[in-house]
Amino acid sequence: MVAAVDQAMDAAGLTNPHVREYVNYWAELTGAERVEVVSASDDSRLIKESLAAGEILPAGDGLYYSRSYFKDTARSEERTIVASNNPSDAGVYNNWRSAEEMRPLLEGKMRGASAGKTMYVIPYLMAPPGSPLEAYAAGVELTDHRTVALHMIRMSRVGVDFVNNLADPNSFVRAVHVTGDLENLGQGTPEDQRYFVTIGDERTILHFGSSYGGNALLGKIAHGLRQAAYDGWASGEFLAEQFMLVGITDKKTGKKYHICGGFPSASGKTNLAMTLAPDALGDRYYVEFYGDDIAWLRVDPEDGKIYAINPEFGVFGVAKDTNAATNPGALDSVAPGTQSLFTNIAYNADTNEVWWEGKTPEPPADVTGWADWKGNLISERAEGDDSPWAHPNSRFTTTLANVPNIAADFENPKGVPIDAVIFGGRTRDREPLIRAITDLAEGVYDGLTLGAEATFAAEGVDGQLRYDPMSMRPFMAYPEGAYAAHWLKVIGQAKDQPIFAHVNWFQRDPEDGHFLWPGYRENLRPLLWLMELKNGEVKGRQTPVGIIPTKDELNLDGLEIKPEDLDTILTIDNDRWRQEMGHREKHLKQFDGLPESIWEAHRRITADLEAEG
Ligand code: GTP
Ligand code: SPV
Ligand code: MN
């Protein structure tokens, strides 16, 4: 086998000796029948092979559809571990275990588990080439699943050059993905065999037992967030966050602003980055997409500004409720010819059409040929079965270049300077439309106490309220106290401090449940107010929990909203907030070594709420 593996790497021009040794080791251990080195230019051949094998199905011109196993449709947080060799790396959310325990355990699961399969070797870069953070961005994913290779080509930059020419040839992330026997892994039972492990201080990712997105596309979540967060902290150099990143240009003043921010999974990052369309408020602004899920932030030592890059190359977005009104940009980015992939939506094998809940108000009237995400024909459903046709966490995958409002300079290696950091989530009451925060410690405190309803992006937790610090709970790689201190240190170095804000598009009427704010494309309005506040053009109203807009400061031109709904989302309910502070205290007390300035922020807000009575 070694000779064949070396031959495959020779043929592909993979010369890095450390990579070659790593590939040989895992080819041997997993028992893969053959090895194939993948570059982006292999895409059309891999697509043809996947179609021929029935792993993907045609979904229109240059569009493809796949289903993942029905028990394998979301990230599994309980099975995810960030391990290391240092017990003091244990935090509340990283499920820390020792590397010594995890490595043999995973090797045991993976041994021989790729027998009869091809192992795809995917050298990738999670950064625009030439980025100052490039040293942390290279990796090599090994996977025994061809659909994973197709996704990786869209979600990251793929090719042997990204690892052949490393300044330190040993500085790539080792990312091993073995699918396992999906029908016999006991998903969600006490006998669950799956393990999704990142060994932070060994820069090694070992994922076993899934072929779904965040569990299997290792460049994205495991490297782009968990490993990078660990590296950013260990090096002291940067932050890796589950953030979207947009640019807003005011044509009247010629100014361009960049806003980044975190909302928990399936809470609107993709939508925000894509839907703030230029025509939303007449012809004055235009909005550019930089990223929708990950940003790496650093302070440039020369000009003292915070710069953010999107390390990804594509979008892996939630399909549900995406339509021409809510997110026209998403529909354009998966239009015919874009080589996009769909996962776990509904599919019509006769017509090759696709559908998901919310694509149109009603599902297709003629159900002939339509099958749900599990592959069961709709026409054969039992009477009264009204379960969704698409899985609520079904997704589309497309490259950044297909996004209509992609920024002209999205590959600028330096990234873009940050003006504001926002946090938000699904919160049905209490959280107003927007509240601005000008103090760094209070901004970090706000991120740490981000509380939102859980979503279908993780298994089995929809709707429950939970805290999700800076939207990083599923990706937290080191202790939360150190995380807060690292934030204060990195952002504290910046000469130009960002303004922070907490936003909420999801407040609901307690009676009939309707969303009080129209959301989607209209979310530009509160962000423009935030920029005006930062520029000193508006004053807002100071409350104990931040500055909120007055009604006349918010641009409401052409907006349809009931006056009483607007009042509610621009009001602070002090009673509810006082209750919330008690929950926050409990939440924060879980974290060892939280910086004193975070506690000071907590006490200051608590006291201000008491004083308001
Ligand atoms: P991940 O990719 O899981 O990290 O999620 P994300 O934060 O990028 O989520 P995404 O933008 O894909 O949104 C998920 C869901 O939120 C979709 O079903 C959207 O329709 C819904 N959504 C997004 N923005 C809004 C909004 O402004 N209002 C309302 N009511 N729903 C929204
Ligand atoms: C998320 O769940 O936050 C995602 C999708 O962005 S996944 O790649 O599955 O993590
Ligand atoms: Mn995400």
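Reading the values: rules and limits
Residues numbered from 1 in each chain as written. Chains lettered and ligands numbered in written order. Predicted model: local features only at pLDDT ≥ 70, side-chain atom pairs only at ≥ 80, totals over all residues. Heavy atoms only, no water. UniProt positions renumbered as here; feature names shortened; annotations may be inferred. Pairing = 2+ DSSP bridges. Helix = DSSP H or I, 4+ residues; strand = E, 2+ residues; numbered from the N terminus. Phe/Tyr/Trp six-rings, centres within 6.5 Å; stacked < 30°, edge-to-face > 60°. Buried < 20%, exposed > 50% of the residue type's maximum accessible area, 1.4 Å probe, protein only. Lys NZ or Arg CZ within 6 Å of the ring centre and 35° of its normal. Donors = N, O, S within 2.8 Å, 3.2 Å for Na, K, Ca; no water. Domains from an automatic or database assignment. Contact = heavy atoms within 4.5 Å. Buried area = accessible area lost by both parts, 1.4 Å probe. Salt bridge = Lys/Arg side-chain N within 4 Å of Asp/Glu carboxyl O. Polar contact = N/O pair within 3.5 Å; in protein donor to acceptor, adjacent residues only side chain to side chain. Nonpolar A, V, L, I, M, F, W, Y, C, P; charged D, E, K, R; others polar. Near = heavy atom within 4 Å. Arc of directions from axis to C-beta. Areas by Shrake-Rupley, 256 points an atom, 1.4 Å probe, with all protein chains shown as cover. Axes fitted to C-alpha atoms, helices over the stretch in contact; angles between N-to-C directions.

For the protein, the name recorded in an unreviewed UniProt entry is Phosphoenolpyruvate carboxykinase [GTP], with Antricoccus suffuscus as its organism. UniProt annotates the protein under Catalytic activity (unreviewed entry) with the comment "oxaloacetate + GTP = phosphoenolpyruvate + GDP + CO2".

Asker: So what exactly am I meant to see when it comes to the sheet that holds strand E22 (residues 370-371) here?
Answerer: Across the sheet, three strands lie side by side as E21-E20-E22; this open sheet has antiparallel pairing. The sheet terminates laterally at strand E21 (354-355) and E22, the two strands that pair on one side only. Note: strand E20 (residues 346-348) against E21, two bridges, orientation antiparallel. Its bridge partner being in E21, Tyr-347 is matched across the sheet by Val-354.

Asker: I'm lost on the packing of aromatic side chains in this one. Help?
Answerer: Geometrically, a pair of aromatic rings is defined through the distance of the ring centres and the angle of the planes. Applying the stated rule across the entire model yields 18 aromatic pairs. Ring centres of Tyr-69 and Phe-70 lie 5.0 Å apart, and the angle between their planes is 65 degrees; on these two criteria the pair is classed as edge-to-face. Phe-70 sits in the partly exposed class, given a relative accessible area of 41%. Taking 5.9 Å as the distance between ring centres and 50 degrees as the angle between the ring planes, the aromatic pair formed by Tyr-212 and Phe-316 counts as tilted. Residue Tyr-212 is found in the loop between strand E10 (204-208) and helix H7 (213-216), and its partner Phe-316 is found in strand E18 (residues 314-318); the two are separated by 104 residues along the sequence. Within the aromatic cluster, the residues linked to one another by ring pairs are Tyr-230, Trp-233, Tyr-478 and Tyr-483. In this arrangement the basic side chain of Lys-359 is found over the ring face of Trp-356, its NZ or CZ atom lying 5.3 Å from the centre. Positioned above the aromatic ring of Trp-577 is the side chain of Arg-430, whose terminal nitrogen or guanidinium carbon lies 4.6 Å from the ring centre.

Asker: What should I look at first to understand the coordination of the manganese ion (ligand 3) in this one?
Answerer: Each pair of donors in an ideal octahedron of six around a metal sits at 90 or 180 degrees, and each pair in an ideal tetrahedron of four sits at 109.5 degrees. The coordination sphere of the manganese ion (ligand 3), as far as protein atoms go, consists of Gln-242 (OE1) and Asp-293 (OD), spread over 2.1 Å. Highlighted residues: Gln-242 in the loop between strand E11 (239-241) and strand E12 (244-250) and Asp-293 in the loop between strand E15 (285-291) and strand E16 (295-299), separated in sequence by 51 residues. The pair formed by Gln-242 and Asp-293 is uniform in burial state, with each residue classed as buried.

Asker: I keep staring at the domain arrangement of the protein and nothing clicks. Help me out?
Answerer: A common way to state how big an interface is: give the accessible area lost once the parts meet. Here the protein is partitioned into domain 1 (1-43 + 77-237) and domain 2 (240-310 + 410-612). The gap between the C-alpha centroids of domain 1 and domain 2 is 32 Å. Across the boundary between the two partners, domain 1 contributes 35 residues, which contact 36 residues of domain 2. Overall, the association of domain 1 and domain 2 removes approximately 3,000 Å² of surface from exposure, summing both partners, and the carbon and sulfur fraction of that is 61%. Per-residue buried area on domain 1 facing domain 2 is highest for Glu-77, Tyr-93 and Leu-225; these three make up 26% of the total on that side. Summed over the shared surface of domain 1 and domain 2, the number is three salt bridges. Put simply, Glu-411 and Arg-157 hold a salt bridge, and the shortest N to O gap is 2.7 Å. Applying the counting rule to domain 1 against domain 2 returns nine residue pairs in polar contact (both at pLDDT 80 or more). For the side of domain 1 that touches domain 2, the leading source of residues is helix H8 (residues 219-235), giving 11 residues. Class assignment for the residues of the side of domain 1 that touches domain 2 results in 18 nonpolar, nine polar and eight charged.

Asker: Please explain the site of ligand 2 as it appears in this structure.
Answerer: Taken together, 13 residues surround ligand 2, and among them Arg-75, Tyr-212, Gly-214, Gln-242 and Ser-265 come closest. Within the contact set of ligand 2, an oxygen atom lies 2.9 Å away from a backbone nitrogen or oxygen of Gly-214. Residue Asp-293 places a side-chain N or O atom 3.0 Å away from an oxygen atom belonging to ligand 2. Looking at side-chain class alone, the shell around ligand 2 contains five nonpolar, four polar and four charged residues. When residues of the shell around ligand 2 are assigned to domains, at least three map to each of domain 1 (1-43 + 77-237) and domain 2 (240-310 + 410-612).

Asker: Hey, could you run me through helix H3 (residues 43-53) in this one?
Answerer: Owing to its 3.6 residues per turn, the α-helix aligns residues three or four sequence positions apart on the same side. All buried positions along H3 are accounted for by Asp-43, Leu-46, Ile-47 and Ser-50. In an axial view of H3, the angular spread of the buried residues amounts to 105 degrees, which keeps them on one side of the axis. For H3, the exposed residues set more than 90 degrees away from the buried face come down to Lys-48 and Ala-52. Buried residues along H3 sit against strand E1 (34-37), strand E3 (63-66), strand E5 (118-125), helix H5 (146-155) and strand E19 (340-343). Of the residues one or two after H3, Gly-54 is the one with positive phi, at around 75 degrees.

Asker: Any chance you could explain unusual backbone geometry here in plain terms?
Answerer: A negative phi angle is the norm for most residues apart from glycine, just as the trans form is the norm for most peptide bonds. Even without being a glycine, Asn-95 presents a positive backbone phi close to 50 degrees. Along the polypeptide, Asn-95 turns up in the loop between strand E4 (80-83) and helix H4 (99-110). A relative accessible area of 32% places Asn-95 in the partly exposed class. The residue Tyr-520 is not glycine, and still its phi comes out positive at about 50 degrees. Tracing the backbone shows Tyr-520 in the loop between strand E29 (499-503) and helix H13 (524-534).

Asker: How should I be thinking about the site of ligand 1 in this particular structure?
Answerer: In the neighbourhood of ligand 1, 22 residues make up the surrounding shell, with Ala-266, Lys-269, Thr-270, Arg-395 and Tyr-520 lying closest. In isolation ligand 1 offers 670 Å² of accessible surface; the protein chains occlude 96% of this area. Secondary structure elements with two or more residues in the shell around ligand 1: helix H9 (269-275) and E18. No other element matches the three residues that H9 contributes to the shell around ligand 1. Looking at the shell around ligand 1 residue by residue, the classes come out as eight nonpolar, eight polar and six charged.

Asker: Even after reading the chapter, I still don't get the pairing of strand E6 (residues 138-143), so can you show me in this structure?
Answerer: Two faces make up the sheet, and in a regular strand the side chains alternate between them. The element E6 is extensively covered by neighbouring structure, given that six of its six residues are classed as buried. On E6, burial covers both faces: Ala-138, Val-140 and Leu-142 on one face and Gly-139, Glu-141 and Thr-143 on the other are all buried. Here E5 runs beside E6; their pairing, made up of six bridges, is antiparallel. Considered in E6, the bridge of Tyr-124 is made with Gly-139. The pairing of E6 with strand E8 (residues 173-178) spans five bridges and is classified as parallel. Pairing of Gly-139 across the sheet is with Val-173, part of E8.

Asker: Looking at this model, I keep getting lost on the UniProt feature "active site" (unreviewed entry) in the protein. Mind explaining?
Answerer: Here, UniProt's "active site" (unreviewed entry) annotation points to Ser-267. Topologically, Ser-267 is positioned in the loop between strand E13 (255-262) and H9. According to the relative accessible area criterion, Ser-267 is buried, its value standing at 1%. Excluding residues that lie within four positions of it along the chain, Ser-267 makes contacts with Gly-425, Arg-426, Thr-455 and Phe-506.

Asker: Whenever I open this one, the sheet that holds strand E24 (residues 416-417) confuses me. Can you help?
Answerer: Two strands in a sheet stick together by hydrogen bonds in their backbones, pointing the same way (parallel) or opposite ways (antiparallel). Taken in spatial order, the four strands make up an open sheet running E11-E16-E17-E24, and their pairing is antiparallel. In this open sheet, the two strands that pair with only one neighbour each are E11 and E24. One ladder, built from four bridges, connects E16 with strand E17 (residues 306-309); its direction is antiparallel. Within E17, the residue paired with Arg-298 across the bridge is Tyr-307. Against the sheet, H8 engages E11 and E16, with an angle of about 145 degrees to E11. Strands E11, E16 and E17 of the sheet are contacted by helix H12 (residues 480-492), whose axis makes an angle of about 115 degrees with E11.

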